[in-house]
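Chain residues, written in single-letter form:
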Amino acid sequence: MKPVQVKIGLVVLLALPAVNLLWQVSQALQGQLHSLGPDPGKQIVLELGQWALWLLLLVFSASPVRLWFGWRWLVVHRRLFGLAVFFYYGLHITAYVVFLLELHFSEIIEDVLERPYVTMGMMAATLLMPLALTSNNFSTRRLGRNWKRLHGLIYPATLLVIVHIIWIARSDLLEPLLYLLFVLVCFAGRSRRLLRVFKGP
Ligand code: HEM
């Protein structure tokens, strides 16, 4: 398969969850059978957030996966997955403003100040923004060594996203804690020193 075909295939795959959600929304609006449950607005916010998180974890795991298993595939397509994270968390925030705040923009500030999980989400979203904006060849060339430094923001951003969902989960902590474990394992995997300890000199 040609690289461009792989890329197109990936774009289609990455768009599928959004297309499926759009389909479910149109079914709900027509009063047809849908899978959005009794609170469709909230379900849409949750599903978009989940896709953003899963894709973020995929991007996060690209380097350690290459180090551990020699798979370059994720690293090669990391930029595309990163843009998909941006797409899904952008839609997640839009859905939150449309369905949960019902477009009362003034309530965003209130929510950010009063609900710590919204504060965490907002901080994560803010840190992820420059990563999306500089995921292009021009920025890579222009920023040089600083590009890598800037993209180190993925660490605090991912941790903030996990705090965001731990705060939401409150009592049912198993899932967010598994995500945290995954992030810590990946983080350890990025350390070449640790890898040398496992592999020997
Ligand atoms: C301005 C930034 C953000 C806001 C205002 C926000 C808001 C929300 C809200 C209102 C919920 C639903 C909470 C509930 O159950 O009542 C939620 C859930 C969620 N958010 Fe965000 N979010 C933000 C950023 C992010 C980002 C950047 C990510 C991931 C990359 C993310 C991932 C998630 C996930 C995975 C859930 C589902 C948690 C669960 O399954 O219980 N959020 N967010």
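Residues numbered from 1 in each chain as written. Predicted model: local features only at pLDDT ≥ 70, side-chain atom pairs only at ≥ 80, totals over all residues.

*Asks:* I'm lost on the overall build of the protein chain in this one. Help?
*Replies:* Broken down by element type, the protein chain carries 11 helices and zero strands. Helices and strands appear in the protein chain in the N-to-C order α-α-α-α-α-α-α-α-α-α-α. Dimensions of the protein chain along its principal axes, counting C-alpha atoms only, are 60 × 45 × 35 Å. Across the 201 residues in the protein chain, those meeting the buried criterion constitute 17%. Pairs at least 24 apart in sequence give 60% of the contacts found in the protein chain among residues at least 6 apart. (Helix = DSSP H or I, 4+ residues; strand = E, 2+ residues; numbered from the N terminus. Buried ≥ 20, exposed ≤ 12 C-beta atoms within 10 Å, placed from the backbone. Contact = placed C-beta atoms within 7 Å.)

*Asks:* Help me out: how do you make sense of the site of the ligand in this one?
*Replies:* Near the ligand you find 23 residues, and of these Gly49, Ala52, Leu53, Gly121 and Met122 are the closest. If you tally residues by element for the shell around the ligand, the top one is helix H2 (residues 40-69), at seven residues. For the shell around the ligand, the class distribution of residues is 18 nonpolar, five polar and no charged. (Near = placed C-beta within 6 Å. Nonpolar A, V, L, I, M, F, W, Y, C, P; charged D, E, K, R; others polar.)

*Asks:* Would you explain the environment of Phe187 in this entry?
*Replies:* The topology assignment puts Phe187 in helix H10 (residues 174-190). Using a count of 15 C-beta atoms within 10 Å as the deciding quantity, one classes Phe187 as partly exposed. Sequence spacing of Phe187 and Ala52 is 135 residues, and the spatial spacing of their C-alpha atoms is 19 Å.

*Asks:* Can you help me understand H2 in this one?
*Replies:* Think of an α-helix as turning once every 3.6 residues; residues three or four places apart then point the same way. End to end, H2 covers 40 Å across 30 residues, agreeing with the expected 44 Å (1.5 Å per residue, within 8%). Along H2, the sharpest change in direction is near 40 degrees and occurs at Ala62; proline Pro64 comes one to four residues later. Phi turns positive, to about 75 degrees, at Gly70, one or two residues after H2. (Expected span 1.5 Å × (residues − 1). Bend = angle between axes of the 7 residues up to and from the residue.)

*Asks:* Can you walk me through the packing of helix H4 (residues 78-100) against helix H6 (residues 116-133) in this structure?
*Replies:* If you want to describe how two helices pack, look at the angle between their axes and the distance between the axes. Relative orientation of the contacting elements H4 and H6 amounts to 140 degrees, with a least axis distance of 10 Å. Between H4 and H6, the crossing angle belongs to the class labelled oblique. Crossing geometry of H4 relative to H6 is assigned as left-handed. Facing H4, whose interface residues are Gly82, Leu83, Val85, Phe86, Tyr89 and Ile93, H6 presents Ala125, Leu128, Leu131 and Ala132. Looking at the contact of H4 with H6 residue by residue, the class counts come to nine nonpolar, one polar and no charged. (Axes fitted to C-alpha atoms, helices over the stretch in contact; angles between N-to-C directions. Parallel < 35°, antiparallel > 145°, perpendicular 65-115°, else oblique. Left-handed = near helix turned anticlockwise from the far one by under 90°.)

*Asks:* What is the right way to read the packing of H2 against H4 from this model?
*Replies:* Remark: H2 packs on H4, axes separated minimally by 8 Å, with the N-to-C direction vectors making an angle of 160 degrees. Considering their axes alone, H2 and H4 lie roughly antiparallel with respect to each other. By crossing handedness, the relation of H2 to H4 is classed as left-handed. Looking at the contact of H2 with H4 residue by residue, the classes come out as 20 nonpolar, four polar and two charged.

*Asks:* Just checking my understanding: could you explain the nonpolar core for this structure?
*Replies:* Nonpolar side chains in soluble globular proteins tend to end up buried together. Counting 26 residues, the largest nonpolar core has Leu48, Ala52, Leu55, Leu56, Val85, Tyr88 and Val161 as its most contacted members. Here the element with the most residues in this core is H2; it accounts for 11 residues. (Core = buried A, V, L, I, M, F, W, Y, C linked by C-beta atoms within 7 Å.)

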